[in-house]
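# Chain and residue survey
Here is what each chain is made of, one letter per residue.
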2 protein chains.
Amino acid sequence: MIRFDETHAFLNEEEINSYQAQVTSCHAALMNKSGKGNDYVGWVEWPNTYDKEEFARIKACAERMRAMCDVFVVCGIGGSYLGARAAIEMMKGLYPQDCPEIIFMGNTFSSTYLAQVMNYLQDKEVCVNVISKSGTTTETAVAFRLLKQFMEKKYGEDAAKRIVATTDRTKGTLKELALAKGYETFVIPDDIGGRYSVITPVGLLPIAVAGIDIDALMQGLSSAYHDLNTADLTKNPAYRYAVCRRLLQHAGKDAEMLVSYEPNMSMCAEWWKQLFGESEGKEEKGILPCSATFSTDLHSLGQFIQEGKKVLFETLLLVEQPLVDLVFPKDEENRDAMNYLAGQSLNWVNQMAAQGTLEAHEESGHVPNLIITIPDMSAKTFGYLCYFFFRSCAMTCYLLDINPFNQPGVEVYKKNMFRLLGK
Amino acid sequence: MIRFDETHAFLNEEEINSYQAQVTSCHAALMNKSGKGNDYVGWVEWPNTYDKEEFARIKACAERMRAMCDVFVVCGIGGSYLGARAAIEMMKGLYPQDCPEIIFMGNTFSSTYLAQVMNYLQDKEVCVNVISKSGTTTETAVAFRLLKQFMEKKYGEDAAKRIVATTDRTKGTLKELALAKGYETFVIPDDIGGRYSVITPVGLLPIAVAGIDIDALMQGLSSAYHDLNTADLTKNPAYRYAVCRRLLQHAGKDAEMLVSYEPNMSMCAEWWKQLFGESEGKEEKGILPCSATFSTDLHSLGQFIQEGKKVLFETLLLVEQPLVDLVFPKDEENRDAMNYLAGQSLNWVNQMAAQGTLEAHEESGHVPNLIITIPDMSAKTFGYLCYFFFRSCAMTCYLLDINPFNQPGVEVYKKNMFRLLGK
């Protein structure tokens, strides 16, 4: 379902294979839960172990929400919004017209943003999904207090029917609030961290509200589990990608730019940045994750990539089939001299842009390019892609001897901030 | 109007001052047009030389457009959309409700994006601004052919009144088309490159259509011209920023992350990435430009910045006054335990997040931080900020002995693509 191609990255088979023994041992550590961070590997078997009853309840809840609202507000930060947003934009595009508008809050203290969104919601029918394991994540708690007061003022007692909490199974501020108010709740598993949580209710509820087939998403996840459950580097593209990243950093490339040619994939890149950056960026190690959307950003970052300092490699995330294709129309007058493309599929034009750019960056720019090709932007592919990146990320971190599942550095700013806020 | 602070970047005054002679000579080269790329320095004197008659026509045209449309489509790529989008999002926010919706096209070949936008436009009242110096920029020409056919089908002969072309003064495909069809036209000056063009009709028309005061924008530009027209490093924060960038790259920092705490500033960062990346990324030199919005991305990139490989420095773009502030409300029940913030301005909370993060990244993370502080997100400040960055960018490139105004590397992908497309 996913093709991985490292033949444009100036690597050779021998170098890659030299990692086989290490990969075999890291794979074993992941599977028998003996590696670093082994209390957060619930995602590994999740395609088999997820709660089918809760899954059915997610679908029912999503239908109920869809029937009630113009705007569905997702209130969460980090992994509690990036995955859902990535999926929804990828599959519905940037101008969807057949589902509630999904707005993300709870991920900023900006009063400008908060006030403008609250103002925008005034005359809309609104439902809210608040997502926080503990309920004490400050950005999310700030926004949710505003939303809760808004909902109670607008809907009175019925507000509780329009608010869903995704949180801890039994404890925490948000769980208690939900119980007291009678919100429906879904569970954030204890052994799956935020950046791996898009495959849990955290991601699935908003994705389902957008009208996306989450059964297909789970099928994709399951397919990936079966395809990628081998340590053999000739058979596992996820691990192969993990090894190539290590080799390219050894070769002096400290930044990786994830590139897509589809604007509706740009949030997937943001999600990927959290997954890899937060997993790997420890002990003064790791690759700086960047992203771009081409050909758009060839007219901004293209010059640097082509001729600037050789600090990065590119990972192309290519999509074979667009959500919609268009035939470029003929124009009798042809004043713009574009008739040479008349009758062509615009997706084909986009693919040629990708191919020409690959050549330019590889051959003249000497920039290594890894290529990940996915067939389409369907729910099944999204599920598959998530699991592909999860496996890659775990492996690439284990190869660095890094715990892929914690994020101790994120606490430092919070500690300072709480002091300044007088908490 | 702008404060620059390098005291959190592990630099010392002596190092900075050691650049004074070089800065003085580069400043002279810029002002007397003897430096590299001197045929593209029209922006330097633009605050004094811009065409006042055309400027008045922009305002009139914008009023005409605003009265006619629900959606104003800007069709351009690179500098022909980034500056306008940056300004509009900064000043109007992400959910504006008192102006036509501004949609950007002509910057991608993605059939998914193009088809979905065209579909979205079906039942709207639409005006179009196509922006291309030559008219042959492929992404823009492809989208404009779709738009032109749509407009002619929808409005017949009146379509011409709803289309405005910003293009060369006298020649080129688009100029000829505009003359033949009777579109109103505005001029892209010959001596101002794309990434410096937001201060010309390229940026000003869409910005004015969004209802932003472009007189104030030009006043900001003019103030910056007067404030920053000195080579003295103790008096010119733009040049000081330019020097600090060079010193930090010398110290091994090959990536710069522009950070803001306002989601509506994130497109300003995209615009900045083109300005610096495309100006500086030549001859295997330059700093990789990245960006993030905090505190949002502290929950994705924060871990890497705090504890990952020490490859980057941060440039904080701090805003003192938000567009709207909010007082955090009290909640009698206080189940979320957030009453410790009740009665506080959320902008203050956001500022404390910034201060706590700065401490965390500087003291524990040893990440150099440069700080650019602007008073607000007004049109005047935007104009000032543009000119600040223009001056910084020219200087930082001259200090590297790089031409800041060409982009030879952008042609390589185009050449390959045209071959593959059979042009």
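This is a predicted model, so every value here is computed, not measured.

### Concerning the pattern of salt bridges
If you walk through the whole model with that rule in mind, you get 64 salt bridges over all chains. With a shortest N-O distance of 2.6 Å, aspartate 215 of chain A and lysine 59 of chain A are connected by a salt bridge. With aspartate 215 of chain A in helix H10 (residues 214-227) and lysine 59 of chain A in helix H4 (residues 52-68), the pair connects residues that are 156 residues apart, well separated along the chain. A salt bridge links arginine 64 of chain A to glutamate 184 of chain A; the nearest nitrogen and oxygen atoms lie 3.1 Å apart. Taken together, the residues span a long stretch of sequence, with arginine 64 of chain A in helix H4 and glutamate 184 of chain A in strand E6 (residues 184-187) at a distance of 120 residues. Taken together, the shared-partner salt bridges connect Lys148, Glu152 and Lys181 of chain A together with Asp331, Glu333 and Arg335 of chain B into one network.

### Regarding unusual backbone geometry
All names here are of chain A. Note the cis peptide between phenylalanine 294 and serine 295, where omega equals -5 degrees. Note that serine 295 resides in the loop between strand E8 (288-293) and helix H13 (302-307). Phi is positive for asparagine 334, which is not a glycine, with a value near 50 degrees. Relative to the helices and strands, asparagine 334 resides in the loop between strand E9 (312-319) and helix H14 (346-364). Exposure remark for asparagine 334: the relative accessible area of 25% places this residue in the partly exposed category. We note that alanine 337 has phi near 60 degrees; this positive angle belongs to a residue other than glycine. Among the structural elements, alanine 337 can be located in the loop between E9 and H14.

### Some thoughts on the relation of the copies chain B and chain A
Expressed as a screw operation, the relation of chain B to chain A combines 0.0 Å of axial shift with a rotation of 180 degrees, fitting to an RMSD of 0.0 Å. What we have between these two chains is a two-fold relation. Scanning chain B for the C-alpha nearest the rotation axis identifies cysteine 290 of chain B, at a separation of 3.4 Å. The residues that chain B uses at the interface reappear at the interface of chain A in 100% of cases, marking a shared surface.

### What about the packing of helix H11 (residues 237-250) of chain B against helix H15 (residues 379-398) of chain B?
Residues and elements named next belong to chain B. Direction vectors running N to C along H11 and H15 enclose 40 degrees, while the axes themselves pass 8 Å from each other. Overall, the two elements H11 and H15 adopt an arrangement that is oblique. Along this stretch, H11 crosses H15, giving a crossing that reads as right-handed. Residue-level inspection shows Pro237, Ala238, Tyr239, Tyr241, Ala242, Arg245 and Arg246 of H11 in contact with H15, the latter providing Phe388, Phe389, Arg391, Ser392, Met395 and Thr396.

### A closer look at the sheet that holds strand E5 (residues 163-167) of chain A
All names here are of chain A. In spatial order, the strands read E3-E2-E4-E5-E6; together these 5 strands make up an open sheet with parallel pairing. With partners counted over all chains shown, the strands left at the sheet margins are strand E3 (101-105) and E6, one partner each. Averaged over all adjacent pairs, the angle separating strand axes in this sheet is 20 degrees, with direction ignored. Inspection of the sheet shows E5 paired to E6 by 4 bridges, in the parallel sense. Within E6, the position partnered with threonine 166 by the bridge is phenylalanine 186.

### Some details on the confidence of the model for chain A
In the predicted model, chain A carries a mean pLDDT of 97, and 100% of its residues have values of at least 70. Our summary of model confidence lists the complex with pTM equal to 0.98 and ipTM equal to 0.97.

### Here's the deal with the sheet that holds strand E6 (residues 184-187) of chain B
Residue and element names in this part refer to chain B. Overall, parallel pairing links the 5 strands, which are arranged E3-E2-E4-E5-E6 in an open sheet. The outermost strands of the open sheet, each flanked by one partner alone, are strand E3 (101-105) and E6. Each strand of the sheet is rotated relative to its neighbour by a mean of 20 degrees, with strand direction disregarded. Packing of helix H8 (residues 173-181) onto the sheet brings it into contact with strand E4 (126-131), strand E5 (163-167) and E6, and relative to E5 it is tilted by some 145 degrees.

### Let's talk about the environment of glutamate 152 of chain A
All names here are of chain A. Take glutamate 152: it is sitting in helix H7 (residues 138-155). In the structure, glutamate 152 is positioned 10 residues away from arginine 162 in sequence and 10.0 Å away in space, judged by C-alpha atoms. Excluding residues within four positions of it along the chain, glutamate 152 makes contact with Ala159, Lys181 and Tyr183.

### Notes on the nonpolar core
Within the largest apolar cluster, 132 residues are counted, with the highest numbers of intra-cluster contacts made by Leu288 of chain A together with Leu288 of chain B. Setting aside chain neighbours within four positions, we find leucine 288 of chain B in contact with Ala255, Met257, Leu288, Cys290, Phe304, Val311 and Leu312 of chain A together with Asp254, Ala255 and Glu256 of chain B.

### As for the packing of aromatic side chains
Residue and element names in this part refer to chain B. Counted according to the given criterion, the structure contains 48 aromatic pairs over all chains. Their ring planes at 20 degrees and their centres at 5.3 Å tell us that tryptophan 43 and tyrosine 196 sit as a pair that is stacked. With tryptophan 43 in helix H3 (residues 42-49) and tyrosine 196 in the loop between E6 and helix H9 (201-209), this pair connects stretches of sequence that are 153 residues apart. Looking at tryptophan 43, the relative accessible area reads 0%, which means it is buried. Judged by relative accessible area, tyrosine 196 falls into the buried class, the value being 1%.

### Some thoughts on helix H5 (residues 82-92) of chain B
Within H5 of chain B, 10 of the 11 residues are buried, which leaves it mostly tucked inside the rest of the structure. Every buried residue of H5 of chain B is accounted for by Leu82, Gly83, Ala84, Ala86, Ala87, Ile88, Glu89, Met90, Met91 and Lys92 of chain B. Where H5 of chain B is buried, its residues touch helix H6 (111-121) of chain A together with E3, H9, helix H12 (266-280), strand E10 (369-374) and H15 of chain B.

### Quick word on the interface of chain B and chain A
Many authors give the size of an interface as the accessible area that is lost as the parts come together. In this assembly, 121 residues from chain B lie in contact with 121 residues from chain A. Buried surface at the junction of chain B and chain A, summed over both partners, amounts to about 10,300 Å²; 62% is from carbon and sulfur atoms. Of all residues in chain B, Tyr95, Arg145 and His299 of chain B bury the most surface against chain A, accounting for 9% of the area lost on that side. Linking chain B with chain A are 10 salt bridges, by the criterion used here. Of the charged contacts, one joins glutamate 333 of chain B and lysine 181 of chain A as a salt bridge, the two residues approaching to 3.0 Å between their closest N and O atoms. Scanning the region where chain B abuts chain A turns up 54 residue pairs in polar contact (both at pLDDT 80 or more). In terms of residue count, helix H14 (residues 346-364) of chain B provides more of the side of chain B that touches chain A than any other element does, 13 residues in total.

### Considerations on helix H8 (residues 173-181) of chain A
Residues and elements named next belong to chain A. The complete set of buried residues in H8 reads Thr173, Leu174, Lys175, Leu177 and Ala178. In the core, the buried residues of H8 are packed alongside strand E4 (126-131), H7, E5 and E6. Glycine 182, located one to two residues past H8, shows a positive phi value of around 85 degrees.

### A look at the packing of helix H16 (residues 410-421) of chain A against H14 of chain B
It is the contact of H16 of chain A with H14 of chain B, at a shortest axis distance of 8 Å, that shows an interaxial angle of 135 degrees. Classed by the angle they form, the pair H16 of chain A and H14 of chain B counts as oblique. In this structure, the crossing between H16 of chain A and H14 of chain B has a hand that is right-handed. In this structure, H16 of chain A contributes Val412, Tyr413, Asn416, Met417, Arg419, Leu420 and Leu421 of chain A to the contact, and H14 of chain B contributes Trp348, Val349, Met352, Ala353, Gln355, Gly356, Thr357, Glu359, Ala360 and Ser364 of chain B. Counted by class, the contact of H16 of chain A with H14 of chain B contains 10 nonpolar, 5 polar and 2 charged residues.

### Here we look at the pairing of E4 of chain B
Both faces of the sheet carry side chains from a regular strand, because those side chains alternate between them. All names here are of chain B. Counted residue by residue, E4 has 6 buried out of 6 residues, so it is predominantly covered. Neither face of E4 is exposed, since Val126, Val128 and Val130 on one face and Cys127, Asn129 and Ile131 on the opposite face are all buried. Bridge analysis of strand E2 (residues 71-75) against E4 gives 5 bridges, and the strand direction is parallel. Within E4, the position partnered with valine 71 by the bridge is valine 126. In the sheet, E4 pairs with E5 via 4 bridges, with the strands oriented parallel. In the sheet register, isoleucine 131 faces E5, and the bridge partner there is threonine 166. For the segment spanning E4, helix H7 (residues 138-155) and E5, crossover handedness is right-handed.

The rules behind the values
Residues numbered from 1 in each chain as written. Chains lettered and ligands numbered in written order. Predicted model: local features only at pLDDT ≥ 70, side-chain atom pairs only at ≥ 80, totals over all residues. Heavy atoms only, no water. Salt bridge = Lys/Arg side-chain N within 4 Å of Asp/Glu carboxyl O. Helix = DSSP H or I, 4+ residues; strand = E, 2+ residues; numbered from the N terminus. Buried < 20%, exposed > 50% of the residue type's maximum accessible area, 1.4 Å probe, protein only. Least-squares fit on C-alpha atoms with pLDDT ≥ 70 in both. Contact = heavy atoms within 4.5 Å. Axes fitted to C-alpha atoms, helices over the stretch in contact; angles between N-to-C directions. Parallel < 35°, antiparallel > 145°, perpendicular 65-115°, else oblique. Left-handed = near helix turned anticlockwise from the far one by under 90°. Pairing = 2+ DSSP bridges. pLDDT = per-residue confidence, 0-100. Core = buried A, V, L, I, M, F, W, Y, C linked by side-chain atoms within 4.5 Å. Phe/Tyr/Trp six-rings, centres within 6.5 Å; stacked < 30°, edge-to-face > 60°. Buried area = accessible area lost by both parts, 1.4 Å probe. Polar contact = N/O pair within 3.5 Å; in protein donor to acceptor, adjacent residues only side chain to side chain. Nonpolar A, V, L, I, M, F, W, Y, C, P; charged D, E, K, R; others polar. Right-handed = clockwise from strand over helix to strand, strands pointing away.

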